[in-house]
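Spelled out, the chains give:
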Amino acid sequence: MPNAVIVDAVRTASGRGKHGGALAMMHPVDLLGTVLRSLVERVGLDPALLDDVIGGCLSQVGEQAVNITRNAVLAAGFPVSVPGTTVDRQCGSSQQAVAFAAQGVLAGVYDVVIACGVEQMSRNPINAATLGRDQWGPMVRERFPEGLVHQGISAELIAARWNLDREALDEFSARSHRLACEATTRGAFAREILPIEVTDAEGATRVHDVDETMRPGTTVERLGALHPAFRDEELGRRFPEIDWRITAGNSSPYTDGASAVLIASEAAAERLGLTPRARFVDFAVVGSDPIEMLTGILPATRKILDRSRLGIDDFDAVEVNEAFAPVPLAWQREFDADPERINPRGGAIALGHALGSSGTRLLTTLVSELEDSRGRYGLQLMCEGAGMANATIIERI
């Protein structure tokens, strides 16, 4: 079986996912197309050699509808012979795109493939796909007569179940901003961030190359002044264990962004003169409780550890998506993992969570961290809407 290797990985700096954010004026097709074009230019690859481009996107409506990945392939100027398809596994969409791409290489049907992701939350709100629609249908309502819940409520349930108080959540969130700001200052993101020329609403242009969602100077005291974001009397009666600890400060912000990873077989990389940076070791995907939907990373971790026969202490870096602060904190407690190895450059609370782009964003950052720290194994974990999770293990080459 051939090895599937990561040749290169890039991302945009995050943009605030609201009007006035750095990337808000850019069409999502053009945003992803720019990243795709820049990725192949960075490594000197003829895009005609690509067997496929597999992208992740959560809100596939409006400007992100009708197979945005294929449209981005065309926007990138790639030959029309290069196909593209778009995956929706909620927040793990582009991590699943990576798995499909690498598994295609492992199966011997791909030589060179790109996995990528994009989300423009400033132009496609998180609920855009369900406005005016019943997203669940009668069969789901029959199984869950009281209704499924918002992810914020799932985060509240996790905080209650693992007894994570408000101060612990805010301390972790302040840590995320501090580590991200420190990494930015020392240039740790320089290799992974693709500078992009952006235009604001007044027509002025500038280069965007610093994550816009970071908040320097964030403190536990400032975070402690924020009010709970999901307080609801009816849900409070349904879930009396909740005492409303989740705020905008210990949640990931709405974010715009795109990212991409070039994946190849080891033989193809050697033939094309490409230098691999890491190889894929294993993959896992699970379904989990759709009410406590953010806990899927726990069975996903157990599954991938069993498959790979590695232990938690074998990982030099772990990227756990910070959809909400209770998610990585509960995971750390469950596996007694070294907290210093979890999101060592900060996570989505500071760097943003551009939904469909987050899977390849986390992978891009994980590769860079392993290289800079000279670590060997990295683990990537993503919780997902409706109760799912993806896990990926890579090894630095």
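As shown above, the structure is provided for reference.
Residues numbered from 1 in each chain as written. Predicted model: local features only at pLDDT ≥ 70, side-chain atom pairs only at ≥ 80, totals over all residues. Heavy atoms only, no water.

1. Focus on the overall build of the protein
Each helix and strand in the protein was counted, giving 13 helices and twelve strands. Once the C-alpha set of the protein is aligned to its principal axes, its extents read approximately 60 × 55 × 50 Å. Of all 397 residues assigned to the protein, the portion counted as buried reaches 59%. When the accessible surface of the protein is summed, it comes to about 15,900 Å², and 49% of that surface belongs to carbon and sulfur atoms. Computed over 38 positive and 53 negative side-chain charges, the separation of the two mean positions in the protein equals 1 Å. (Helix = DSSP H or I, 4+ residues; strand = E, 2+ residues; numbered from the N terminus. Buried < 20%, exposed > 50% of the residue type's maximum accessible area, 1.4 Å probe, protein only. Areas by Shrake-Rupley, 256 points an atom, 1.4 Å probe, with all protein chains shown as cover. Lys, Arg positive; Asp, Glu negative; His and termini not counted. Charge placed at Lys NZ, Arg CZ, Asp CG, Glu CD.)

2. A closer look at the packing of helix 6 (residues 166-185) against helix 11 (residues 326-335)
Running from N to C, helix 6 and helix 11 point in directions that differ by 105°, and their axes come no closer than 10 Å. Classified by the angle their axes make, helix 6 and helix 11 are roughly perpendicular. Residue-level inspection shows Ala-168, Leu-169 and Phe-172 of helix 6 in contact with helix 11, the latter providing Pro-326, Pro-328 and Leu-329. In the contact of helix 6 with helix 11, the residues fall into six nonpolar, no polar and no charged. (Axes fitted to C-alpha atoms, helices over the stretch in contact; angles between N-to-C directions. Parallel < 35°, antiparallel > 145°, perpendicular 65-115°, else oblique. Contact = heavy atoms within 4.5 Å. Nonpolar A, V, L, I, M, F, W, Y, C, P; charged D, E, K, R; others polar.)

3. Structural notes on the pairing of strand 10 (residues 315-320)
Taken across its six residues, strand 10 has five buried, putting it largely inside the fold. Where strand 10 and strand 11 (residues 377-384) come together, five bridges link them in parallel fashion. What sits directly across from Phe-315, in strand 11, is Tyr-377. (Pairing = 2+ DSSP bridges.)

4. Remarks on a negative patch on the surface
Taken together, Asp-165, Glu-167, Glu-171 and Glu-221 make up a surface patch of like negative charges. Relative to the helices and strands, Glu-167 is located in helix 6. (Patch = residues over 30% accessible without salt bridge, like charges linked within 9 Å, V, L, I, M, F, W, Y side chains within 5 Å. Salt bridge = Lys/Arg side-chain N within 4 Å of Asp/Glu carboxyl O.)

5. Quick look at empty space enclosed by the protein
Going through the model one piece at a time under the given rule, you end up with one cavity of 30 Å³ or more. In this model, the largest cavity occupies a volume close to 90 Å³. Lining the largest cavity are 16 residues, and of these Ser-14, Gly-257, Leu-351, Ala-354 and Arg-361 sit closest to its centre. At the level of elements, strand 8 (255-265) and helix 13 (358-373) are the ones that each hand at least two residues to the lining of the largest cavity. (1 Å grid on protein atoms, 1.4 Å probe; cavity = no way out; pocket = protein on both sides within 12 Å on 5 of 7 lines; lining within 4 Å. Points joined across faces, edges and corners; volume = space filled by probe spheres on them.)

6. Things to note about the packing of aromatic side chains
Inspection of the entire model under this criterion finds three aromatic pairs. Ring centres of Phe-230 and Phe-324 lie 6.1 Å apart, and the angle between their planes is 70°; this geometry places the pair in the edge-to-face category. With Phe-230 in the loop between helix 7 (220-224) and helix 8 (233-238) and Phe-324 in the loop between strand 10 and helix 11, this pair connects stretches of sequence that are 94 residues apart. With a relative accessible area of 7%, Phe-324 lands in the buried category. Sitting over the face of the ring of Phe-189, Arg-11 holds its NZ or CZ atom 5.0 Å from the ring centroid. (Phe/Tyr/Trp six-rings, centres within 6.5 Å; stacked < 30°, edge-to-face > 60°. Lys NZ or Arg CZ within 6 Å of the ring centre and 35° of its normal.)

7. Considering the layout of surface pockets
In this structure, the second largest pocket encloses a volume near 200 Å³. Looking at the second largest pocket, the residues that line it are Arg-16, Gly-17, Lys-18, Glu-212, Thr-213, Arg-215, Pro-253 and Tyr-254. The class makeup of the residues in the lining of the second largest pocket is two nonpolar, two polar and four charged.

8. Some details on the side chain of Ser-265
Note on placement: Ser-265 falls in strand 8. Looking at Ser-265, the relative accessible area reads 6%, which means it is buried. Every residue in contact with Ser-265, bar those within four places of it in the chain, is listed here: Pro-2, Asn-3, Val-5, Val-105 and Asp-111.

9. Examining the pattern of salt bridges
Throughout the structure, instances matching the rule amount to 21 salt bridges. For Asp-8, the salt bridge identified is with Arg-42, shortest N-O distance 2.9 Å. Taken as a pair, Asp-8 in strand 1 (residues 4-11) and Arg-42 in helix 1 (residues 28-43) lie far apart in primary sequence, 34 residues in all. Across the pair Glu-182 and Arg-178 runs a salt bridge whose closest N-O atoms are separated by 3.6 Å. Remark: Arg-178 and Glu-182 occur in helix 6; sequence separation between them is four residues, near one turn of the helix. Exposure remark for Glu-182: the relative accessible area of 37% places this residue in the partly exposed category. Taken together, the shared-partner salt bridges connect Arg-11, Glu-192, Asp-211, Arg-345, Glu-369 and Asp-372 into one network.

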